[in-house]
Amino acid sequence: MQWLWAIIVGFVLGLIARAVLPGKQHQPLWLTTLFGIVGALLGNAVSGWIGVEDTRGIDWIRHLLQLAGAVLIVGLGDMAYKAVRGNKSRTA
C-alpha cells in the first residue's frame, strides 16, 4: 500500500512543482509524477540528514523539503526532457 501513497504524493507534489515553476513544462504527466516521487524521496533524505524527519504533529519542515525537492527535480527533469526531445526532433 505504500507504493500507492508514493504515487499519489508524487503526483500531487509534481503538479504543485509544475505550478510553482515559471513557464511551461514539457514533460508528460507520468514523468511529472516520477519526478515528484524522486523529489519527495530527496526531501525525506534531507530531513533525515538535518534531524527533522520525525516531529510531533504534522511534519511541516519535512513536507516543505519534499516540495523543494520536487521543484528541483521537476525543473532539472524538464530541462533534460527538452534536451532529449530536441535532439530526437533534429535527427528525425
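None of these values were measured; they are calculated from a predicted model.

## Details of the overall build of the chain
Item 1. Helix and strand counts for the chain come out as three helices and zero strands.
Item 2. Overall size of the chain, expressed as C-alpha extent along the three principal axes, is 55 × 25 × 20 Å.
Item 3. With 92 residues in all, the chain has 32% of them scored as buried.
Item 4. A fraction of 61% describes how many contacts in the chain between residues 6 or more apart in sequence connect residues 24 or more apart.
Item 5. Within the structure as shown, the chain displays about 6200 Å² of accessible surface, and the carbon and sulfur contribution to it stands at 71%.

## Describing helix 1 (residues 2-20)
Item 1. Under the 1.5 Å per step criterion, the end-to-end length of helix 1 is 26 Å for 19 residues, consistent within 8% with the ideal 27 Å.
Item 2. Of all the residues in helix 1, the buried ones are Gly 10, Leu 13, Gly 14 and Ala 17. The arc that holds every buried residue of helix 1, seen down its axis, measures 110 degrees, which confines them to one face. Of the exposed residues in helix 1, those oriented more than 90 degrees away from the buried face are Trp 5 and Ala 19.

## Some words on the confidence of the model for the chain
Caution applies to low-pLDDT regions: their predicted coordinates should not be interpreted in detail.
Item 1. Model confidence for the chain is summarised by a mean pLDDT of 87, while 93% of its residues fall at 70 or above.
Item 2. Considering each helix and strand of the chain separately, the mean pLDDT is smallest for helix 3 (residues 60-91), with a value of 85, and largest for helix 2 (residues 29-50), with 92.

Scoring rules and cut-offs
- Sequence order as written defines the numbering, with residues in each chain counted from 1.
- The predicted origin of the model limits local features to residues at a pLDDT of at least 70 and limits the giving and counting of side-chain atom pairs to 80 or more, whereas totals for whole chains, interfaces and linings rest on all residues.
- Computation of side-chain values covers all heavy atoms of the structure but excludes hydrogens and water.
- Runs of H or I in DSSP of at least four residues are treated as helices and runs of E of at least two as strands, each being numbered from the N terminus.
- The buried label goes to any residue with under 20% of its type's maximum accessible area, the exposed label to any with over 50%, and the partly exposed label to all in between, with areas taken from a 1.4 Å probe on protein chains only.
- In what follows, residue pairs with any heavy atoms lying within 4.5 Å of each other are defined as contacts.
- Surface accessibility follows the Shrake-Rupley procedure with a 1.4 Å probe radius. Residue values consider only the protein chains on display as shielding.
- Residue count minus one, scaled by 1.5 Å, sets the expected span of a helix.
- Each direction from the helix axis to a C-beta atom contributes to the arc, which is the arc of those directions.
- Each residue carries a pLDDT score, the predictor's own confidence in it, on a scale running from 0 to 100.

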